[in-house]
Amino acid sequence: MIAELGHFALIIALCVAIVQGVVPLLGAWRGVPEWMALAVPATRAQFLFVLLAYLSLTYAFVAKDFSVAYVTQNANAQLPLFYRISAVWGAHEGSILLWTLILAIWSLAVSIASGALPDAFRARVLAVMGLVSCGFLLFMLMTSNPFARLLPAPPSGRDLNPLLQDPGMVIHPPMLYIGYVGMAVPFAFAVAALLGGRLDAAWTRWTRPWTTIAWVFLTAGIALGSWWAYNELGWGGWWFWDPVENASFMPWLVATALMHSLAVSEQRGAFKAWTLLLAIFGFSLSLLGTFLVRSGVLVSVHAFATDPERGVFILGFLALVIGGALALYAWRANAISGGGNFRLMSRETLLLINNVLLVVACATVLLGTMYPLIIDALGLGKISVGPPYFDAVFAPLMLPLVFVLGIGPLTRWKGDEAGRVVRLLRVAFVVSLVIAIAIVLVTAGYSPLLLASLTIAIWAIATTLVGVLLRVRSKADIWQGLRTLPRGFVGMSLAHVGVGIFIIGVAFTTSFSTDRDVRLGPGDSEELAGYRFQFDGVGDHPGPNYTAQRAEIRVFRGDKQVAVLFPEKRLYPIQSQPMTEAAIDVGFTRDLYVALGEPIGDGSWALRLYYKPLIRWIWLGPAIMALGGLLAASDRRYRRSRKARRAVGAADSPDSDSGMSPEASRG
C-alpha cells in the first residue's frame with residue numbers, strides 16, 4: 001500500500017509541476033494576473049506531494065518492506081535504523097527522489113521569500129523551476145521508479161553498499177544535493193530576466209543571496225565528501241581527481257565566479273551578460289554531473305547507475321535545458337542594458353581576472369574529465385587522465401587567483417592608483433614571504449611550489465587582516481568597530497581566510513606526509529615521524545550486520561602513550577564484501593592513520609601507517625568559508641523590510657520600464 005501511495009504522489013506531483021511550469025509562464029506573457037497567481041500555490045502543492053512520496057519511501061525502509069524492490073536492493077533486516085533511513089538516497093532511484101525533493105524545497109523557499117518581487121517576475125522564476133521539476137519527475141516515473149514492486153517479497157534484502165555505511169555518507173549527499181540543486185535558483189532568475197528582457201540592480205539583489213547559500217552547501221558537501229573518502233576508503237588521501245569528484249567541483253568553481261560577478265553587477269551594473277552566462281552554466285554543470293554519475297559512462301566508487309537508458313534521458317534533458325537557455329540568451333542578449341565603465345586598475349578589473357581564472361580552471365577540469373569519455377565514444381581507444389594532469393594545470397591557475405584575491409577587496413571601484421594599493425599591501429607581502437621562508441627553513445622541506453603555496457596562503461590571510469584594520473582604524477573603540485562591520489564584509493573576510501587555511505593544509509599534507517607499509521606480529525613496533533606504533537594483536541569483533549577482525553595498536557611518543565587505535569577488516573556477509581576500516585588519531589596539527597591489511601602468517605599482519613601533518617586544516621578552511629558565506633547571505637541589505645523591497649522592486653525590477661540601473665547609469 002505504501003508503495004502505491006508514493007507512486008501516486010509522484011504522478012500528482014508531475015501534474016502539478018506541469019501546471020506550475022506552464023500556466024504562470026503564459027500568464028506572464030499575456031498579462032493575466034490570475035494565471036500568474038497560480039505559481040505560488042502550485043509550487044507549494046508540488047512540494048507536499050513530493051514530500052509525501054519521499055516519506056513513503058522512508059517508511060518502507062524503516063518498516064523493512066521488502067516488497068519494494070529498491071528497499072530489497074539497498075537494505076536488509078540487520079541494517080541499523082540509522083543506515084536504513086540514509087539508504088533512502090543510497091542508490092540511484094532514491095537519490096533522484098532526494099534531488100527532486102530538494103528542488104521542491106528550494107522552490108518552496110523562493111515562493112515564500114519572493115513576496116516583494118514583481119508578480120510577473122516571480123511567476124517566471126517559479127515556472128522555470130517547475131519545468132525543471134517536470135524533467136526529474138518524468139525521469140523517475142519513466143526510468144527510475146523507486147516504488148517498483150517485487151513479488152513475492154523476499155524475507156530480507158541485499159544490504160546497503162558497505163562504503164555508504166558511514167556517518168559521513170548520511171550528511172554528505174544531502175549537503176551536496178542542496179548545493180547542486182540550489183544552482184537551479186540563479187538559473188531560474190537568469191531565465192526569468194531574459195524572458196522579461198531586463199536585468200538590473202534589483203535582479204542582482206534578488207539573485208545574490210540565493211547563489212551564496214547554494215555555494216555554501218556546495219562547499220560543505222564537497223568538503224564532507226573529501227572527509228568521507230579520507231576516513232572510509234583506507235588510502236589516506238583526501239582528493240583523487242575522481243571524475244565524480246570533479247563533477248561536483250566544476251559547479252563550485254562556476255558558482256564562485258558567479259558570486260563575484262554578481263558583486264560587480266550589483267555595485268556597478270557591469271558584467272551583466274557574463275553574469276547571466278555563469279548562472280546558466282552553473283546549473284548546466286550540475287546537470288552534467290548528474291549525467292556522469294547516473295549514466296554508466298563512469299566507473300567510480302561514487303557512481304550510482306550503469307543503465308544507458310537513464311543516461312540517454314539525462315543527456316536529452318541536459319541538451320534541452322542548456323540549448324533552450326542559450327538560445328534564449330542569444331535572442332535576448334541585445335535587450336540587456338550595458339554596464340558601467342572602469343579603468344584598468346580597478347576592483348572591476350581584478351574581479352574580471354578572478355572570473356577568468358575560475359572559468360579557465362573549470363574548463364581544464366572539464367577537459368580532463370570528459371576527454372577520456374569522448375575518446376572512448378569515438379572508438380579511438382581508452383586513456384586515463386589522472387592526478388598528474390590536474391596537478392600540473394590546476395595549481396598554476398590557483399596561485400595568481402589567490403594573489404588577486406588579496407588585492408581585489410582593497411582596490412577602489414571604477415579606478416584606483418597602483419601606488420596607493422602597493423603602499424597598502426607591501427608590508428603584507430613582505431610578512432607573507434618572510435613567514436613562508438621561515439617555515440620552509442625550519443621544516444627543511446624546500447620546494448618552489450611549497451614556498452609559493454605558503455606565501456600565497458599567508459598573503460590571503462594577511463591582506464584580509466589589512467582590510468579589517470582599514471575598516472576599524474577610524475573608530476575610537478576597535479571592538480565597537482569590529483561589531484559594526486557589515487555581515488557581507490565579515491563573510492567575505494572569513495571566506496578569504498578559509499582559502500588561506502585550506503592552502504596551508506594542502507601544502508603541509510602534500511609536502512610532509514609520510515607513510516610506510518609494514519609487517520608486524522604481536523608485540524612488534526615500528527617508528528614513523530617520531531611516533532612508535534606497537535602492534536598488540538588482532539581479535540574478533542562482531543557488528544550489527546558484519547563481522548570484523550580488529551587490531552589493537554598503541555602509539556607512543558617517547559615513553560608516553562598518546563593513542564590507542566583499533567583498525568578493522570570487516571566482512572559484510574550478505575554481499576560477501578570485505579572492507580577496510582581505518583583507525584585515526586585526530587589532532588589539530590597532525591593525524592596518525594592506520595589501515596589494517598591482510599594476515600601474513602605466524603600471527604603477523606600487513607599494516608599501512610600514515611603521518612598526516614595539518615590535514616584537518618584542509619576541512620577547517622572550507623568550514624570557515626561556508627560560515628563566511630552564511631554571514632554574507634544574511635547581510636542586512638538582503639533583509640530589508642518587505643515594504644521597502646517592494647518599493648525598490650517596483651522602481652527597478654526586470655519587468656519595469658526603467659531601462660538601465662542607477663549604478664549602471666552613473667558608470
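Parameters at a glance
- Residues numbered from 1 in each chain as written.
- Predicted model: local features only at pLDDT ≥ 70, side-chain atom pairs only at ≥ 80, totals over all residues.
- Heavy atoms only, no water.
- Helix = DSSP H or I, 4+ residues; strand = E, 2+ residues; numbered from the N terminus.
- Rg over C-alpha atoms; globule rule 2.2 N^0.38 Å.
- Buried < 20%, exposed > 50% of the residue type's maximum accessible area, 1.4 Å probe, protein only.
- Areas by Shrake-Rupley, 256 points an atom, 1.4 Å probe, with all protein chains shown as cover.
- Polar contact = N/O pair within 3.5 Å; in protein donor to acceptor, adjacent residues only side chain to side chain.
- Contact = heavy atoms within 4.5 Å.
- Axes fitted to C-alpha atoms, helices over the stretch in contact; angles between N-to-C directions.
- Parallel < 35°, antiparallel > 145°, perpendicular 65-115°, else oblique.
- Nonpolar A, V, L, I, M, F, W, Y, C, P; charged D, E, K, R; others polar.
- Patch = residues over 30% accessible without salt bridge, like charges linked within 9 Å, V, L, I, M, F, W, Y side chains within 5 Å.
- Salt bridge = Lys/Arg side-chain N within 4 Å of Asp/Glu carboxyl O.
- Pairing = 2+ DSSP bridges.
- Core = buried A, V, L, I, M, F, W, Y, C linked by side-chain atoms within 4.5 Å.
- Phe/Tyr/Trp six-rings, centres within 6.5 Å; stacked < 30°, edge-to-face > 60°.
- Lys NZ or Arg CZ within 6 Å of the ring centre and 35° of its normal.
- pLDDT = per-residue confidence, 0-100.
- Expected span 1.5 Å × (residues − 1).

With that settled, the discussion passes to the overall build of the protein chain. When you go through the protein chain residue by residue, the secondary structure sums to 22 helices and ten strands. By the compact-globule yardstick of 26 Å for 667 residues, the protein chain fits well, its C-alpha radius of gyration being 27 Å. Seen through its principal axes, the protein chain has C-alpha atoms that stretch 85 × 75 × 55 Å. Evaluated residue by residue, the protein chain yields a buried proportion of 57% over its 667 residues. In the structure as shown, the protein chain presents an accessible area of about 27300 Å², 66% of it carried by carbon and sulfur atoms.

With respect to the secondary-structure elements, S284 resides in helix α12 (residues 272-294). At 2.7 Å, the side chain of S284 forms a polar contact with the backbone oxygen of I280. Excluding residues within four positions of it along the chain, S284 makes contact with L318 and I322.

With that settled, the discussion passes to unusual backbone geometry. A cis amide bond, omega -5°, links L151 with the succeeding residue P152. Within the secondary structure, P152 is located in the loop between α7 (119-143) and α8 (167-182). At W241, a position not held by glycine, the phi torsion is positive, near 55°. Structurally, W241 is set in the loop between α10 (201-232) and α11 (243-268). For K414, which is not a glycine, the phi torsion comes out positive at approximately 75°.

A few words on the packing of helix α6 (residues 92-113) against α7. Running from N to C, α6 and α7 cross one another at 170°; their axes reach a closest spacing of 10 Å. As judged from the angle between their axes, α6 and α7 are roughly antiparallel. Note on element contacts: α7 touches α6 through R122, V125, L126, M129, V132, S133, F136, L137, F139 and M140, opposite H92, I96, L97, W99, T100, L103, W106, S107, V110 and S111. Here the residues of the contact of α6 with α7 sort into 14 nonpolar, five polar and one charged.

Okay, a nonpolar patch on the surface next. A contiguous nonpolar patch, built from F403, F429, V430, L433, V434, I437 and L441 and spanning about 600 Å² of accessible area, is present on the exposed surface. Per-element accounting of the nonpolar patch gives the leading share, six residues, to helix α16 (residues 418-443). Along the chain, L441 turns up in helix α16.

Turning our eyes to something else, we now look at the pattern of salt bridges. Two side chains carrying opposite charge are able to pair once their charged atoms lie near each other. Enumeration according to the criterion identifies 16 salt bridges in this entry. Of the charged contacts in the structure, one is a salt bridge between D416 and R420, with a shortest N-O distance of 2.5 Å. Sharing partners across several salt bridges, the network here consists of R550, E568, R570 and E581.

Once that is clear, we can look at the pairing of strand β9 (residues 590-601). The two faces of a sheet get side chains in turn, since along a regular strand they alternate between them. Relative to β9, strand β8 (residues 583-585) runs antiparallel, the two sharing three bridges. Among the inter-strand pairings, A583 is bridged to a residue of β9, identified as V594. In the sheet, β9 pairs with strand β10 (residues 604-613) via nine bridges, with the strands oriented antiparallel. Within β10, the position partnered with A595 by the bridge is R608. Adjacent in sequence and paired antiparallel, β9 and β10 are bridged by two residues, among which D602 carries a positive phi angle near 60°.

This part covers the environment of L103. Note that L103 resides in helix α6. Sequence separation between L103 and L449 is 346 residues; the distance between their C-alpha atoms is 42 Å. Setting aside residues up to four positions removed in sequence, L103 forms contacts with M129, V132, S133, V181 and A184.

Along the polypeptide, M1 turns up in the segment before α1 (2-30). For the pair formed by M1 and A60, sequence separation is 59 residues and the distance between their alpha carbons is 10.0 Å.

Attention now goes to the nonpolar core. Core analysis: the biggest nonpolar cluster contains 176 residues, and F121, F187, F189 and W203 have the highest contact counts within it. Of the residues forming this core, the biggest block, 13 residues, is contributed by α10.

Strand order across the open sheet formed by four strands is β1-β10-β9-β8, with antiparallel pairing between neighbours. With one partner strand each, in any of the chains shown, β1 (514-520) and β8 form the two edges of the open sheet. Ignoring strand direction, the axes of neighbouring strands in this sheet form an average angle of 20°. Sitting on the sheet, α10 is in contact with β8, β9 and β10, with an inclination near 40° to β9. In the packing of helix α19 (residues 487-512) onto the sheet, contacts are made with β1 and β10, and the angle to β10 comes to roughly 140°.

As a further point, take the packing of aromatic side chains. In the structure shown here, the tally under the stated rule is 31 aromatic pairs. Both rings, one in F187 and one in F283, keep their centres 5.0 Å apart while their planes meet at 40°; by these two values the pair is tilted. Of the two residues, F187 is situated in helix α9 (residues 184-196) and F283 in helix α12; the sequence distance between them amounts to 96 residues. Accessibility assignment for this pair places F187 and F283 in one class, buried. Following the ring pairs from residue to residue traces out a cluster consisting of W215, W239, W241, F249, W252, Y389, F390 and F394. Here the basic side chain of R532 rests over the ring of F556, its NZ or CZ set 4.4 Å away from the ring centre.

Attention now goes to the environment of F342. Among the structural elements, F342 can be located in the loop between α13 (308-332) and α14 (347-377). Between the alpha carbons of F342 and R268 there is a distance of 9.2 Å; along the sequence they are 74 residues apart. Beyond its immediate stretch of four places on either side in the chain, F342 contacts F271, E348, T349 and K414.

Summary statistics for the protein chain give a mean pLDDT of 87 and a share of 93% for residues scoring 70 or more. Every residue in residues 299-305 scores below 50 in pLDDT, and together they form 26 contacts with partners more than four places removed in sequence or on other chains. Predicted confidence for residues 641-667 stays below pLDDT 50, and this span has 68 contacts to residues more than four positions away or in other chains.

Moving on: α1. With 29 residues, α1 extends 42 Å between its outermost C-alpha atoms, agreeing within 8% with the 42 Å of an ideal straight helix rising 1.5 Å per residue. Looking one or two residues beyond α1, the residue adopting positive phi is G31, at roughly 70°.

Below, the discussion takes up the side chain of S95. Summarising the element assignment, S95 is placed in helix α6. When its relative accessible area of 0% is taken as the criterion, S95 is described as buried. Reaching out from S95, the side chain makes a polar contact with the backbone oxygen of H92 at a distance of 2.7 Å.

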